[in-house]
Amino acid sequence: MIAAHTLQNAKAEITCASCPTPVQLHQEKLKLGIRADPTEELATLKNIRVEFKELGVTDQDTEMDGDREAGISAEGAPQFHQDASLDGVSTQEGAPGSSEESRRNNDKGEMAEDSALRRAKRSGHEFAEFGENGWTGGAGVDAGSPDERGSMLDAHKQGRSEFRWNRDEGRGNTRQDEPKLTSSTFALTGDSAHNHAVVYWSGQNSSVSTCFHASDGFFSFRSTDYGSTYERMNDKVGSKTVLSYLYVCPSNKRKIMVLTDPEFESSVLISTDEGASYQKYRLNFYVLSLLFHPTEEDWALAYSHDQKLYSSVDFGRKWQLIHEHVTPNRFYWSVTGLDREPDLVHMEAHTPDGNVQYVTCRAQMCTEANRNYPFPGYIDISSLVVQDDYIFIQVPTSGRATYYVSYKREPFIQIKLPKYSLPKDLHIVSTDEKQVFAAVQEWNQNDTYNLYLSDTRGIYFTLAMENVKTTRGIGGNQMLDLYEVAGIKGMLIANKRHDNQVKTYITYNKGRDWRLLQAPASDLEGNDIHCILPFCSLHLQLQMSENPYLSGTISTKNSAPGIIVATGNIGAELSYNNVGMFISSDAGNTWRPIFEEEHNIWFLDKGGALVAVKQPSVPTRHLWVSFDEGRQWTQHSFSSVPLFVDGVLVEAGAENQIMTFFGHFSHRSEWQLIKIDYKSIFSRKCTEEDYQTWHLHNQGEPCVMGQKQIYMKRRPGNYCMLGKDYSRILSAESCICRAHDFECDYGYERGSDGNCKPAFWFNPSTVSRSCSQGQNYFNSTGYRKVVLNNCTKGVKELYTPRKQQCPNRPPKGLLLTTKDGKLTAGLGSNVTFMVHLDEGDSLRTNIQLDFGDGTAVSYSNLSWTEEGIKHVYKSAGIFRVTAFAENTLGYDTTTLYLHVTCPVEHVQLLAPFVVIRNKEVNITAVVLPSHSRTVTYFWWLGNNTEPVITLDGSISHTFQSEGMHTITVQVAASNTILQDTKTIAVKEFFKSLLLSFSPNLDEFNPDIPEWRQDVGRVIKKVAEFPEEQLLVAVFPGVPTAAELFLLPYKNQSEGKKKSEEALERVWVSLGEIHEDALNQNLVEFELKPGVRVIVYNTQLTLAPLVDSSPRHSSSAMLMLLSVVFLGLAVFLIYKFKRKIPWINIYAEVNQEKEQEMIGSVGQGDSTPKITLSEDKCECIRCTIYSIISSV
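About the criteria used
Residues numbered from 1 in each chain as written. Predicted model: local features only at pLDDT ≥ 70, side-chain atom pairs only at ≥ 80, totals over all residues. Heavy atoms only, no water. Helix = DSSP H or I, 4+ residues; strand = E, 2+ residues; numbered from the N terminus. Buried < 20%, exposed > 50% of the residue type's maximum accessible area, 1.4 Å probe, protein only. Contact = heavy atoms within 4.5 Å. Areas by Shrake-Rupley, 256 points an atom, 1.4 Å probe, with all protein chains shown as cover. 1 Å grid on protein atoms, 1.4 Å probe; cavity = no way out; pocket = protein on both sides within 12 Å on 5 of 7 lines; lining within 4 Å. Points joined across faces, edges and corners; volume = space filled by probe spheres on them. Nonpolar A, V, L, I, M, F, W, Y, C, P; charged D, E, K, R; others polar. Disulfide = S-S within 2.5 Å. Salt bridge = Lys/Arg side-chain N within 4 Å of Asp/Glu carboxyl O. Pairing = 2+ DSSP bridges. pLDDT = per-residue confidence, 0-100. Axes fitted to C-alpha atoms, helices over the stretch in contact; angles between N-to-C directions. Polar contact = N/O pair within 3.5 Å; in protein donor to acceptor, adjacent residues only side chain to side chain. Expected span 1.5 Å × (residues − 1). Core = buried A, V, L, I, M, F, W, Y, C linked by side-chain atoms within 4.5 Å. Phe/Tyr/Trp six-rings, centres within 6.5 Å; stacked < 30°, edge-to-face > 60°. Lys NZ or Arg CZ within 6 Å of the ring centre and 35° of its normal.

A count of helices and strands for the chain gives 9 helices and 75 strands. Taken across its 1191 residues, the chain has 58% of its residues classed as buried. Of all intrachain contacts in the chain linking residues separated by at least 6 positions in sequence, the fraction that spans at least 24 positions is 61%. Accessible surface, the chain: about 49,200 Å² in total, of which carbon and sulfur atoms supply 50%.

Evaluated as defined, the whole model comprises 8 cavities of 30 Å³ or more. Each pocket or cavity is described by its volume, and for the second largest cavity that value is around 190 Å³. Ile-563, Gly-607, Gly-608, Glu-629 and Arg-714 are, among the 21 residues lining the second largest cavity, the residues nearest its centre. Of all elements in the fold, only strand 37 (609-614) and strand 46 (707-714) reach the threshold of two or more residues within the lining of the second largest cavity. With 3 residues, the top contributor of residues to the lining of the second largest cavity is strand 46. Of the residues belonging to the lining of the second largest cavity, the class tally is 10 nonpolar, 5 polar and 6 charged.

Tallied over the full model, the rule gives 6 disulfides. Residue Cys-531 pairs covalently with Cys-536 via a disulfide, S to S 1.9 Å. Of note, the bridge from Cys-531 to Cys-536 carries an S-S torsion of about -105° and is left-handed in sense. Across the pair, Cys-536 and Cys-531 agree in class, each one buried. Across a sulfur-sulfur distance of 2.1 Å, Cys-737 and Cys-791 are joined as a disulfide pair. Looking along the S-S bond of the Cys-737-Cys-791 disulfide, the torsion reads about 95°, which is the right-handed sense. Within this pair, whereas Cys-737 is found in the loop between strand 48 (728-734) and strand 49 (742-744), its partner Cys-791 is found in the loop between strand 53 (783-785) and helix 4 (796-799), the two being separated by 54 residues in sequence. Owing to a relative accessible area of 2%, Cys-737 belongs among the buried residues under this scheme. A relative accessible area of 2% means that Cys-791 is categorised as buried.

Turning next to the pattern of salt bridges. Per the stated rule, a full pass over the model turns up 29 salt bridges. A salt bridge links Glu-324 to Lys-308; its shortest N-O distance comes to 3.8 Å. Here the residue Glu-324 occupies a position in the loop between strand 14 (320-323) and strand 15 (326-333), and Lys-308 occupies one in the loop between strand 12 (300-304) and strand 13 (309-312), the gap between them amounting to 16 residues. Arg-457 is paired through a salt bridge with Glu-410; the nearest N and O atoms lie 3.1 Å apart. Separated by 47 residues along the polypeptide, Arg-457 in the loop between strand 24 (448-454) and strand 25 (461-472) and Glu-410 in the loop between strand 20 (402-407) and strand 21 (413-414) bring together distant segments of the chain. Take Glu-410: its relative accessible area is 34%, and that puts it in the partly exposed class. Residues joined by salt bridges that share partners form a network here, namely Lys-255, Glu-297 and Asp-298.

A few words on the pairing of strand 60 (residues 869-872). Burial of the side chains of strand 60 is restricted to one face: Ile-869 and His-871 are buried, whereas none of Lys-870 and Val-872 on the reverse face is. Relative to strand 60, strand 57 (residues 830-839) runs antiparallel, the two sharing 4 bridges. Following the sheet pairing, Thr-832 is matched in strand 60 by Lys-870.

Counting through the fold element by element, Gly-511 comes out in the loop between strand 29 (501-507) and strand 30 (515-516). For the pair formed by Gly-511 and Leu-453, sequence separation is 58 residues and the distance between their alpha carbons is 8.4 Å.

This part is about the confidence of the model for the chain. Of all residues in the chain, 69% attain a pLDDT of 70 or more, and the chain-wide mean is 74. Note that pLDDT drops below 50 for residues 1-176; the model gives that stretch 761 contacts with residues more than four away or on any other chain.

Let's shift gears to the sheet that holds strand 15. Ordered by their spatial adjacency, 3 strands build an open sheet running 15-16-17, and the pairing between neighbours is antiparallel. In the strand order of this sheet, the two ends are held by strand 15 and strand 17 (356-362), each with one partner. Across the sheet, the axes of successive neighbouring strands diverge by a mean angle of 20°, strand direction being ignored. The pairing of strand 15 with strand 16 (residues 344-350) spans 4 bridges and is classified as antiparallel. Counted as the bridge partner of Tyr-332 is His-346 from strand 16.

Quick look at the side chain of Asp-690 now. Residue position: Asp-690 is located in the loop between strand 43 (684-685) and strand 44 (691-695). For Asp-690, the side chain forms a polar contact with the main-chain nitrogen of Thr-687, separated by 2.8 Å. Polar side-chain contacts of Asp-690 include one of 2.8 Å to the side chain of Asn-718. Residue contacts for Asp-690: discarding those within four places in its chain leaves Arg-684, Lys-685, Lys-713, Arg-714, Arg-715, Asn-718 and Cys-720.

Let's shift gears to the sheet that holds strand 36 (residues 599-604). Spatial strand order, 36-37-38-39: 4 strands in an open sheet with antiparallel pairing. Both edges of this open sheet fall to strand 36 and strand 39 (634-637), since each of them pairs with a single strand only. Direction aside, neighbouring strands of the sheet carry axes that sit 30° apart on average.

The subject of this paragraph is unusual backbone geometry. Put simply, Leu-928 and Pro-929 share a cis peptide bond, and its omega is -10°. Of note, Pro-929 is situated in the loop between strand 65 (920-928) and strand 66 (936-941). Backbone geometry at Ser-382 places phi at a positive 60°, although glycine is not the residue there. Here Ser-382 shows up in the loop between strand 17 and strand 18 (385-387). The backbone phi angle of Lys-793 is positive, close to 55°, even though this residue is not glycine. Residue position: Lys-793 is located in the loop between strand 53 and helix 4. The exposed category is assigned to Lys-793, whose relative accessible area is 64%.

As a further point, take the pairing of strand 57. Strand direction decides the pairing type here: strand 55 (residues 812-818) and strand 57, joined by 6 bridges, are antiparallel. Looking across to strand 57, one finds that Leu-815 is bridged to His-836.

Here we come to helix 5 (residues 1009-1022). Helix length check: helix 5, at 14 residues, gives a terminal C-alpha distance of 20 Å against a target of 20 Å (1.5 Å per residue), a fit within 8%. Burial in helix 5 covers these residues: Trp-1011, Arg-1012, Val-1015, Gly-1016, Ile-1019 and Lys-1020. Against strand 71 (991-997), strand 72 (1030-1034), strand 73 (1041-1046) and strand 74 (1084-1088) lie the buried residues of helix 5.

Counting 26 residues, the largest nonpolar core has Met-491, Ile-493 and Leu-540 as its most contacted members. Of all the secondary structure elements, the ones that give two or more residues to this core are strand 31 (537-540) and strand 33 (564-571). Dropping the residues within four chain positions of it, Leu-540 is found in contact with Ile-493, Asn-495, Thr-504, Leu-517, Ala-566, Thr-567, Gly-568, Leu-574 and Trp-591. One finds Leu-604, Leu-623, Tyr-678 and Ile-681 within the second-largest nonpolar core, a separate group that totals 22 residues.

Bringing the environment of Thr-882 into the picture now. Looking at the element boundaries, Thr-882 is found in strand 61 (residues 877-887). Note: C-alpha distance between Thr-882 and Leu-896 (14 residues apart in sequence) is 6.3 Å. Excluding its chain neighbours within four sequence positions, the residues that come into contact with Thr-882 are Leu-816, Gln-848, Leu-849, Asp-850, Thr-893, Thr-894 and Thr-895. A polar atom in the side chain of Thr-882 sits 3.4 Å from the side chain of Arg-880.

Now for the packing of aromatic side chains. Inspection of the entire model under this criterion finds 33 aromatic pairs. Arranged with centres 5.3 Å apart and planes meeting at 85°, the rings of Phe-627 and Phe-682 form a pair that is edge-to-face. Here Phe-627 is found in the loop between strand 38 (622-626) and strand 39, whereas its partner Phe-682 is found in the loop between strand 42 (672-677) and strand 43, with 55 residues between them in sequence. Summarising the burial analysis for this pair, Phe-627 and Phe-682 share the class buried. An aromatic cluster of at least three residues, connected via ring pairs, comprises Tyr-460, Tyr-746, Tyr-748, Trp-761 and Phe-762. In this arrangement the basic side chain of Lys-255 is found over the ring face of Phe-315, its NZ or CZ atom lying 5.5 Å from the centre. Lying over the aromatic face of Trp-694, Lys-713 brings its terminal NZ or CZ to 4.7 Å of the ring centre.

Take the side chain of Arg-1012 next. Structurally, Arg-1012 can be placed in helix 5. Take Arg-1012: its relative accessible area is 11%, and that puts it in the buried class. At 2.7 Å, the side chain of Arg-1012 and the side chain of Asp-1007 are in polar contact.

Okay, here's the thing in structure tokens:
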């Protein structure tokens, strides 16, 4: 399944457009993802996040200001482990190191599964408590900016009863004239029970912020002075109103929507003045998530708890239903410049029969007549991704997954991965920079993924790196160790597994070339580090923080190109022991150590300065600031009391210097919100003299992505304030094209000599079927230019595809499929066949298609079949569909076998009531409507534990033991399975008598099995004979008729002759006793008060007593004469169409369910068999002939 992210208001499942932080793969069930502000420049989006499909949905993770400093988990807050080590601040000048105690702890090998595991374990609910906006579906808030998205603090208060504070904490050796930070603390008094908090910044460059926090309740505070003071807002919205979620409109941050808790009421509160006042509107549905339009501030989509999608064009005051049964988090607003209507909605919707379709319609006009289906077939659930120029889907197929892409709203085309990649999972990593990054887990991979890059149209993918490592996060999520560096296009960092070792690699040309990271030359004390490539290198942790307001293990920023801060280690492979903090000021060419312990590091003043705070496992009251790209650090106090820092919100507005720290003084204290104004640490504003040029390079190579780039940035060490994004490219000069500017084209692989050669499965001479004689095509040289590479001339002509004339060639590689990929179709449904030709001139190739049911079509060329060939089958069966392609140079043919089925409506099992042991009996299942070769029968006979499976509706069986045996048949056709069950008595011998009843019984006959069983029990009582020796079978239909079976005593197998004679004597005696009574209408029973039913003897024995001796009894002769007389009478009746009541019983019953009226089966050829067919007279004649033969 396709899963990815960047849920900018209309971009749900793609990770993000340009993401530098690690890709996160989720193995959880479907959850709503974070949506970022689509108005943010794609180049500023940071965190790459991808989720596993199985589950499904997506989550956007970006950092403040659209940069890559923090990320969020779709699963909510992490459950951190408690860390008992001290986290004291170094007192050394310059780059501080670790305290002695923490260093000792590191020496003991205290490590976690990943960097986040080093943080203190927290209790309470998860981040996802606030769901849709900043965490699990914040549809309307810019997830790329905490001040816009909401600062979901990890207010899971830590269990902090066991901790020590390092006394060296406040002993920093700082300058005597160190400027003091201006700070103010606000405590959410009386609120120590709440362990979740969210902070939203309102407006553009506004001083207004709103704080929500909750665990067992929901409270709201609002500040108008950048967080110095807060006022409680609950009274303004109503003291009894329980709030749940808050959304800030991304295109007008003065507008706010607040949802109430649906357990109490379903309402929305609307504010257009940054939360100063609210208007309340009732809703008739419960909102699970909101998605604002990227440009229209009053347009929004709402997804309800019952999977319905609504739209509003007046900022939530009125809502209109768009569609029902929409997949969660698979709905998107239109993309500006691509979709014609700005109010177009893309969504994934379910059909009544359980299939999934890609649907588009306008938000306020989404009737069935106005809906469009861009992809005509069905798609897999949770596979629709609308991102930038691309739309991705996965189609349901048996076996290998099939993916399709639409580029700039063109028709969908199947994605081409290398032939034998055979993906188990495919995740879209990003779609910015005019190509698609995809992570593919192939058939032979378990904990690694391969990274693929596409061409501009997103169709042809080539391998960029194999075996990229994944890491399991705190919430059980898997994260792909891939990071896209902010500010420099084409630069990626990845952790690759090779020979059971994980090493960190870097690329400057989008995966064309990778190399190891050069370790620092010296440590913090100035001692030389002897680390020689390739045996030793620097390795970085590339996990993002589960808490969006902690920086994670790696950080970069668009406004500070070339600066990379990360947690890592030096050695032969990536390790989580003895880790430290490292920085690069020249885009990864050289590295320096800055801390011996893990720190959270943020960019201040638009990247002009760095601020560092220790991990939140122990309290601190200091922060460190660097103005020279991490070479020297100054210590500043932000609180008089040590604070457990749970999160930091940096740069609330563009023109101020504000940070907000969130945390607790102890595990029992209230929330503390500390506002820090760091303007005082700057001496002045920067001037032109404070800037210098910086040349981007790759180990001295000045040409990166085909051009020489020179940046302007502040001189390290200058204490001046930028105040705005000043970093920019001063000049970009194109370079002469060389080999490293080109990657291998689709179907080609790079050999050991560095050249691209055809893969064994690829035929380089293959020409597209759309290439017709007289036209031209571009023949690949095996290379393609790296997307967005700006080189010119040089080897460009050598590697560029060459224009050639289309050759005339015979058809080859003809393929016939159905549009939905299935080999079954319902009777009367419209089946669409797709014809594909690998090679041949499509405009000069004739196509013929034989549907296998006596009809065929022919087309003069393949272009007429592009939309598919439709056909409706009018009968069920298996049809051989044949396609034939031919031109003047040759032909090709292919065949498909299609099963056309219709659901089974009724199944009836026909079997005798009594059979002879060790003699074969025929059992039949009648299916309505009748099917031909498309029904499967499953037979359970007697005590068999496994069924007998047949394609025929009849089966023969021999019962080898006496007793009551159960027969069950199941009939499977299409998606329907029906069954019927019968019970058969198996005996050595038996007698039977046909009975009829007075016509008044028919008035109360509902013709159901239960009624027939009850009537049979009544007849057994009337017969005044031991019940264990009687079996009464009432036939289906009306007039009502029955058969009375006289059975031998149990265990009479020995002395069979004696028992037979005794049974015959009993039968004769019974006949003498009851014959007169039956003939004189003296045998009757009461069906209900006032309704008495008379029982008649039809004087026909269907199964006479079996006699294997040569003698013939007088009763048999009498029976023969009776049958002959009966046959003559029936013939006369049939001839002259006269009606006699007891004969009419057979006629009526036979019309209703004739084959169920199978009486009994005798023993061998000596036993007559009665089979009622449509021709009643023929049936009687067969019976007479059988009896005569036996006699």
